[in-house]
Amino acid sequence: MNPAEQTLTATDRKIQVRDITKHYEVGGKRFEALGGVSLDVAENEFVTVVGPSGCGKSTLMNILGGLDEPTSGSAVVDGKEVRGPSPERGIIFQQYALFPWLTVRQNVEFGLKTARVPADERRRTAQHFIEMVGLADFADSLPKTLSGGMKQRCAIARAYAMNPSILLMDEPFGALDALSRVRMQEHLLETWEQDRRTIVFITHDVDEAAFLANRVVVMAARPGRIHRIIDVDLPYPRTEDVRLSPEFTAIRNDIWTSVYHQ
Amino acid sequence: MSADPQAAVVSTAGTAPPEGGPTAAVTSTKRRAPSLLVLNIATIFLGLGLWWLISLTGLQIPSPVEVLLAGIDLAASGILLTDIVASLTRVLTGFLLGTALAIPVGFLMGWYGWARGLLEPWVQFFRTVPPLAIIPLAIVLMGIGEQPKIFVIFLAAFLSCVISTFQGVVQVDRTLINAARVLGAKDGTIFARVVVPASTPFILVGMRVGLGSAWATVVAAELIAAQQGLGYRMQQAQIYYDLPTIFVGILVIGLFGLVMDRVLLAIESKLTVWQERR
Ligand SMILES: Nc1ncnc2c1ncn2[C@@H]1O[C@H](COP(=O)(O)OP(=O)(O)OP(=O)(O)O)[C@@H](O)[C@H]1O
Ligand SMILES: [Mg+2]
C-alpha cells in the first residue's frame with residue numbers, strides 16, 4: 001500500500017477489498033480467477049480497472065456487487081462486509097440487462113416499485129433520470145426499439161433512480177460504436193462531476209480507462225491480481241483538449257505498456 | 001436474450017414446429033403481405049379443384065359438393081353440432097386441466113433443483129409414451145365414460161406444455177435476475193416480475209403445442225370408445241362406408257384445429273410484442 005493511501009481515514013474509504021481470492025472448480029481442477037486482490041477506493045473517486053481478458057475483472061465486480069462470493073478475503077463497503085446485492089451499489093452490465101417486456105419508464109421504475117415508493121413519487125423520480133439521460137422522447141418505448149447506446153442510457157437511468165452510493169460498471173460501453181462510446185463517456189463524466197458518486201468502472205479500452213479515471217487499476221491474469229495502480233493527475237472537466245494533450249498521451253501510453261507488456 | 005422459444009421447444013419436445021414463420025414474414029415485409037394472401041386463397045381453390053377432379057376419376061372419393069351436402073345434412077339433423085360440442089368439451093376440459101397443472105409444475109421444475117430432480121424423469125418418461133398408448137389402460141381403469149378420454153387429453157396437453165414452461169424458466173437470462181436483485185428484488189418479486197414474463201413466450205408456445213396434441217388425441221380417443229363426437233362419427237361412417245361423412249369429419253377437425261391455433265397465435269403475438277424478432 002502506498003503512503004498516500006494510508007492517510008485515508010476509515011470514513012474516506014468507501015470500498016475496501018481485502019485480499020480477495022476466488023477459485024473455480026473446472027473439470028475437477030482448481031482455477032484461480034483471483035489470487036489475492038486488495039484495493040481501497042475513496043469516497044467520490046472514479047476508479048477504472050483495465051486488464052487482459054480473463055484476468056478476473058468481472059469476477060471482482062460481481063463480488064463487490066454482492067452477486068458472487070469470494071473464496072477468501074472480503075469486500076467491505078461503508079465499513080460493512082458485502083453480503084448479497086443491494087440497491088446501495090448500482091450495477092451496470094455490459095449487456096444492458098433491461099427487462100425487454102417493460103418500457104423505458106417501467107424499467108427505470110422497477111427498483112422504485114420494489115422499494116414500494118408511492119406511484120407519483122416513483123413517476124417523478126423516473127422522469128427526472130429519463131430526462132437526465134436524454135430519453136424523454138422514448139420513455140414509453142420498449143427496449144427493442146432502442147439503439148445500443150440508448151439501451152445503456154436507460155440502464156444508467158435505472159441505476160441512478162435507486163440513488164446508489166456506488167456505481168459499479170462492467171464494460172458498460174463495450175458494445176457501442178466509437179462515437180457513441182465517446183459521447184457516453186463525456187456524459188458519464190458530466191454527471192459524475194456534479195454528484196461525485198463513487199464509481200468503479202471496468203473496461204478493456206485503455207483510452208477510456210485513462211480518460212475517465214482518478215486512478216487506473218491495471219490487472220494481470222493467471223492468477224487475477226493487481227499489477228499496477230496509475231494515478232491520472234489530469235483536471236476535470238476532461239475536455240477534448242485534455243484528450244489531445246501530451247500529458248494524457250503519456251499516461252495513456254504508460255497504461256498501455258502496463259496492460260500489454262506485463 | 002437468447003433462444004428462440006419455438007426452436008428450443010421443438011428441439012426438446014420433438015414435436016412439429018408450430019407455424020410461426022409465415023406470420024413473422026408477413027409483419028416484417030408488409031409489401032409482400034397482400035400477394036401472400038392472394039396465394040393462400042388461390043391455393044385453396046386449386047386444392048378444391050384438384051379434389052373435384054380426383055372425385056371424377058371414379059376413385060370412390062366423394063366430390064366437394066357431395067361432402068358439402070353431407071355436411072348440411074349432418075348440421076340440419078343436429079348431429080354435427082352435438083358431435084362438435086362433445087369433442088370440443090373434451091378437448092377444452094383436458095387442455096385447460098393439462099395446462100393449468102403444467103404451468104405451475106413447469107415453474108417448479110425450472111425454479112427449484114429438487115423439483116426438477118424429482119419430476120423430470122417422470123415427465124421425460126411419459127413424454128416418450130404416445131398418449132394414445134395410454135388409452136387402453138385408461139379405459140380399463142376408468143371405464144368407457146368421459147373420464148378416460150379427458151384424462152388422455154389432459155395428459156397429452158400437460159406433457160407438451162410442461163416441458164416448454166420448464167424450458168422457459170431455465171432459459172431466463174441470469175443477468176436479468178441479477179439486475180433485479182441489484183434493484184432490491186427478492187425471490188418472490190424476481191419470480192413474479194422477471195421469471196414469469198420472461199418465460200411467457202415459451203409457455204404460449206407450449207400451450208399451442210399442447211392444444212395441438214389435445215385435439216389430435218381427442219379424435220383418436222373417440223375412435224376407440226365413445227357414443228358421440230367427431231371421432232366417433234367418423235368411426236361409425238367407416239362401418240357404413242359413408243365416405244362423405246368421413247370427409248366432413250376431417251374438414252371440421254382441421255378447421256377447428258386451425259381456428260384454435262390461430263386464436264392462441266393471436267394471443268401470443270399480443271403478449272410477446274416486446275420480443276426482439278430476428
Ligand atoms: N462460473 C465460472 N466457472 C469457472 N470459471 C469461471 C467462472 N466465471 C469466470 N471464470 C473464469 O475466471 C476467469 C476470470 O473471469 P472474468 O469474467 O472475471 O474475466 P474478465 O477479466 O472479466 O474478462 P473479460 O475482459 O473477457 O470480461 C476467467 O478465466 C474465467 O474463465
Ligand atoms: Mg468481464
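Residues numbered from 1 in each chain as written. Chains lettered and ligands numbered in written order. Predicted model: local features only at pLDDT ≥ 70, side-chain atom pairs only at ≥ 80, totals over all residues. Heavy atoms only, no water.

Caption draft 1: A look at the overall build of chain B. The helix and strand inventory of chain B stands at 12 helices and zero strands. Taken from N to C terminus, the helices and strands of chain B fall in the order α-α-α-α-α-α-α-α-α-α-α-α. The proportion of buried residues among the 278 residues of chain B is 44%. Summarising the internal contacts of chain B: among those between residues at least 6 apart in sequence, 76% fall at separations of at least 24. As presented, chain B carries roughly 14600 Å² of accessible surface, and 72% of it is formed by carbon and sulfur atoms. (Helix = DSSP H or I, 4+ residues; strand = E, 2+ residues; numbered from the N terminus. Buried < 20%, exposed > 50% of the residue type's maximum accessible area, 1.4 Å probe, protein only. Contact = heavy atoms within 4.5 Å. Areas by Shrake-Rupley, 256 points an atom, 1.4 Å probe, with all protein chains shown as cover.)

Caption draft 2: Examining the UniProt feature "domain: ABC transporter" (unreviewed entry) in chain A more closely. The UniProt feature table records "domain: ABC transporter" (unreviewed entry) at residues 15–246 of chain A. Measuring from the first to the last C-alpha atom of residues 15–246 of chain A gives 32 Å, for a span that is 34% helix and 28% strand. (UniProt positions renumbered as here; feature names shortened; annotations may be inferred.)

Caption draft 3: The arrangement of the interface of chain B and chain A in detail. Between chain B and chain A, the residue contacts involve 20 residues of the former and 23 residues of the latter. Buried area between chain B and chain A, both sides added, is near 2000 Å², and the carbon and sulfur share of it is 72%. It is B:V182, B:L183 and B:R193 in chain B that bury the most area against chain A; as a group they hold 37% of the surface buried on that side. When the shortest N-O distance is used, the salt bridge between B:E276 and A:K151 registers 3.2 Å. Taken together, the links from chain B to chain A amount to three residue pairs in polar contact (both at pLDDT 80 or more). Sorting the residues of the side of chain B that touches chain A by element identifies α9 (174–182) and α10 (187–224) of chain B as the ones contributing at least two each. A total of seven residues in the side of chain B that touches chain A trace back to one element, the largest contributor, which is α9(B). (Buried area = accessible area lost by both parts, 1.4 Å probe. Salt bridge = Lys/Arg side-chain N within 4 Å of Asp/Glu carboxyl O. Polar contact = N/O pair within 3.5 Å; in protein donor to acceptor, adjacent residues only side chain to side chain.)

Caption draft 4: Quick peek at the site of ligand 1. Residues and elements named next belong to chain A. By nearness alone, every residue bordering ligand 1 is listed as Y24, V26, F31, A33, S53, G54, C55, G56, K57, S58, T59 and E171. Measuring from a nitrogen atom of ligand 1, one finds a side-chain N or O atom of Y24 at 3.4 Å. With respect to ligand 1, the side chain of S58 contributes an N or O atom lying 2.7 Å from an oxygen atom. Protein coverage of the free-state accessible area of ligand 1, which is 630 Å², stands at 62%. Counting residues per element, the ones that place at least two in the shell around ligand 1 are β1 (13–26), β2 (29–42) and α2 (57–65). At three residues, α2 tops the list of elements feeding residues into the shell around ligand 1. Of the residues assigned to the shell around ligand 1, the class counts are five nonpolar, five polar and two charged. (Near = heavy atom within 4 Å. Nonpolar A, V, L, I, M, F, W, Y, C, P; charged D, E, K, R; others polar.)

Caption draft 5: Quick peek at the sheet that holds strand β4 (residues 72–77) of chain A. Residues and elements named next belong to chain A. Here four strands make up an open sheet; going across it, the order is β2-β1-β4-β5 and the pairing antiparallel. Here the strands that pair on one side only, and so sit at the sheet edges, are β2 and β5 (80–81). Relative to β4, β1 is paired through five bridges, and the arrangement is antiparallel. The partner of Q16 across the bridge, within β4, is V76. In the packing of α2 onto the sheet, contacts are made with β1, β2 and β4, and the angle to β1 comes to roughly 120°. (Pairing = 2+ DSSP bridges. Axes fitted to C-alpha atoms, helices over the stretch in contact; angles between N-to-C directions.)

Caption draft 6: Seen up close, the sheet that holds strand β3 (residues 46–50) of chain A. Residue and element names in this part refer to chain A. The strand order across the open sheet formed by six strands is β6-β7-β8-β3-β9-β10, and the pairing between neighbours is mixed. Two strands lie at the open edges of the sheet, namely β6 (89–92) and β10 (225–231), each paired on one side alone. Strand-to-strand twist of the sheet, defined as the mean angle between neighbouring strand axes without regard to direction, takes the value 20°. With four bridges joining them, β6 and strand β7 (residues 166–170) adopt parallel strand pairing.

Caption draft 7: View of the domain arrangement of chain A. Residues and elements named next belong to chain A. For chain A, the assigned domains are domain 1 (1–88 + 164–173 + 181–262) and domain 2 (94–163). With centres defined by C-alpha atoms, the gap from domain 1 to domain 2 works out at 25 Å. Residue-level contacts link 16 residues of domain 1 with 11 residues of domain 2. Taking both sides of the interface into account, the surface hidden between domain 1 and domain 2 amounts to around 1100 Å²; carbon and sulfur atoms contribute 64%. Per-residue buried area on domain 1 facing domain 2 is highest for P164, M184 and H187; these three make up 36% of the total on that side. Viewed at the interface, domain 2 and domain 1 are joined by four residue pairs in polar contact (both at pLDDT 80 or more). The set of elements that each furnish at least two residues to the side of domain 1 that touches domain 2 consists of β7 and α6 (178–195). Here the side of domain 1 that touches domain 2 gets five residues from one element, more than from any other, and that element is α6. Counted by class, the side of domain 1 that touches domain 2 contains eight nonpolar, three polar and five charged residues. (Domains from an automatic or database assignment.)

Caption draft 8: Structural view of the packing of helix α5 (residues 148–161) of chain A against α6(A). Residues and elements named next belong to chain A. At a minimum axis distance of 12 Å, the contact between α5 and α6 shows a crossing angle of 15°. By the angle between their axes, α5 is roughly parallel relative to α6. When the axes of α5 and α6 are compared, the crossing they make is right-handed. Contacts between α5 and α6 involve G149, Q152, R153, I156 and Y160 from the first element and M184, L188, T191 and D195 from the second. Classifying every residue of the contact of α5 with α6 gives four nonpolar, three polar and two charged. (Parallel < 35°, antiparallel > 145°, perpendicular 65-115°, else oblique. Left-handed = near helix turned anticlockwise from the far one by under 90°.)

Caption draft 9: Representation of the packing of aromatic side chains. Residue and element names in this part refer to chain A. Taken as a whole, this structure holds 18 aromatic pairs over all chains when the rule is applied. Summarising the aromatic geometry, the rings of W192 and Y236 are spaced 4.9 Å apart at their centres and angled 55° between planes, so their arrangement reads as tilted. On the criterion of sequence distance, the pair formed by W192 in helix α6 and Y236 in the loop between β10 and α8 (240–244) is long-range, its members being 44 residues apart. On the basis of relative accessibility, which here comes to 19%, the residue Y236 falls in the buried class. (Phe/Tyr/Trp six-rings, centres within 6.5 Å; stacked < 30°, edge-to-face > 60°.)

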